[in-house]
Amino acid sequence: MISTKGRYSLRILLDLAEHRNGNFIPMKDVAKRQGISLKYIERLLPALKEGGLIESLHGKGGGYKLTREPEQYTLWEILMLSEGDLAPVECLREHSEQCTRSGYCKTLPIWQEYYKMTKDYFSGITLADISGNKVEYDYII
């Protein structure tokens, strides 16, 4: 399940993409538009900044802005940064020890395919796609 960290990180970056004009955008403006507490947003910003997705400027005229064009941000990148590993089972997590059952586990291929489908899906959607309402959904979420 994707937590509020992942969902709100997407909303924050989407807001920055939709309101970008070359200037830094105050987070209080993003918080107001998105209906997210500024305190909660401030807890998410360090990971987004350390991951190179945003840059900041303090003081008058300060705020945050994207470091790249919206077309260069995939939802997978954002979710992985904000959520951590999205593997559906422990044995597929990065840096996990190999499961002793992996050689004969009948469910492992199912989890591997599920993980691949999730990664492929979110890797195929960018911030630009969402802000332009170009994403077509086959089902209602």
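Just above sits the structure.
Not measured: the values here are computed from a predicted model.

The next point concerns the pairing of strand E2 (residues 63-66). Alignment of strand E1 (residues 54-57) against E2, held across four bridges, turns out to be antiparallel. Residue pairing for E2: Glu55 is matched across the bridge by Lys65. Where E1 folds back onto E2 in an antiparallel hairpin, the turn is made up of five residues, including Gly59, whose phi is positive at roughly 95 degrees.

Remark: helix H1 (residues 4-18) packs on helix H3 (residues 38-50), axes separated minimally by 10 Å, with the N-to-C direction vectors making an angle of 80 degrees. Taken as axis vectors, H1 and H3 run roughly perpendicular relative to one another. Together, Thr4, Lys5, Tyr8, Ser9, Ile12 and Leu13 of H1 and Tyr40, Ile41, Leu44 and Leu48 of H3 make up the contact between the two elements. Of the residues in the contact of H1 with H3, the class split is seven nonpolar, two polar and one charged.

Glancing now at helix H5 (residues 108-123). Under the 1.5 Å per step criterion, the end-to-end length of H5 is 22 Å for 16 residues, consistent within 8% with the ideal 22 Å. Taken together, the buried positions of H5 are Leu108, Tyr115, Thr118 and Phe122. Burial along H5 is one-sided: seen end-on, the buried residues are contained in an arc of 95 degrees. Against helix H4 (75-83) lie the buried residues of H5.

Core analysis: the largest hydrophobic core is formed by 35 residues, its most contacted members being Leu13, Leu16, Met27, Ile41, Ile54, Leu66 and Leu127. Residue assignment for this core shows that the elements contributing at least two residues are H1, helix H2 (27-34), H3, E2, H4 and H5. Counting residues per element, this core draws most heavily on H1, at seven residues. Leu13 has contacts with Leu48, Leu53, Ile54, Leu66, Ile78 and Leu127, leaving out every residue within four places of it along the chain.

Reading the values: rules and limits
- Residues numbered from 1 in each chain as written.
- Predicted model: local features only at pLDDT ≥ 70, side-chain atom pairs only at ≥ 80, totals over all residues.
- Heavy atoms only, no water.
- Pairing = 2+ DSSP bridges.
- Helix = DSSP H or I, 4+ residues; strand = E, 2+ residues; numbered from the N terminus.
- Axes fitted to C-alpha atoms, helices over the stretch in contact; angles between N-to-C directions.
- Parallel < 35°, antiparallel > 145°, perpendicular 65-115°, else oblique.
- Contact = heavy atoms within 4.5 Å.
- Nonpolar A, V, L, I, M, F, W, Y, C, P; charged D, E, K, R; others polar.
- Expected span 1.5 Å × (residues − 1).
- Buried < 20%, exposed > 50% of the residue type's maximum accessible area, 1.4 Å probe, protein only.
- Arc of directions from axis to C-beta.
- Core = buried A, V, L, I, M, F, W, Y, C linked by side-chain atoms within 4.5 Å.

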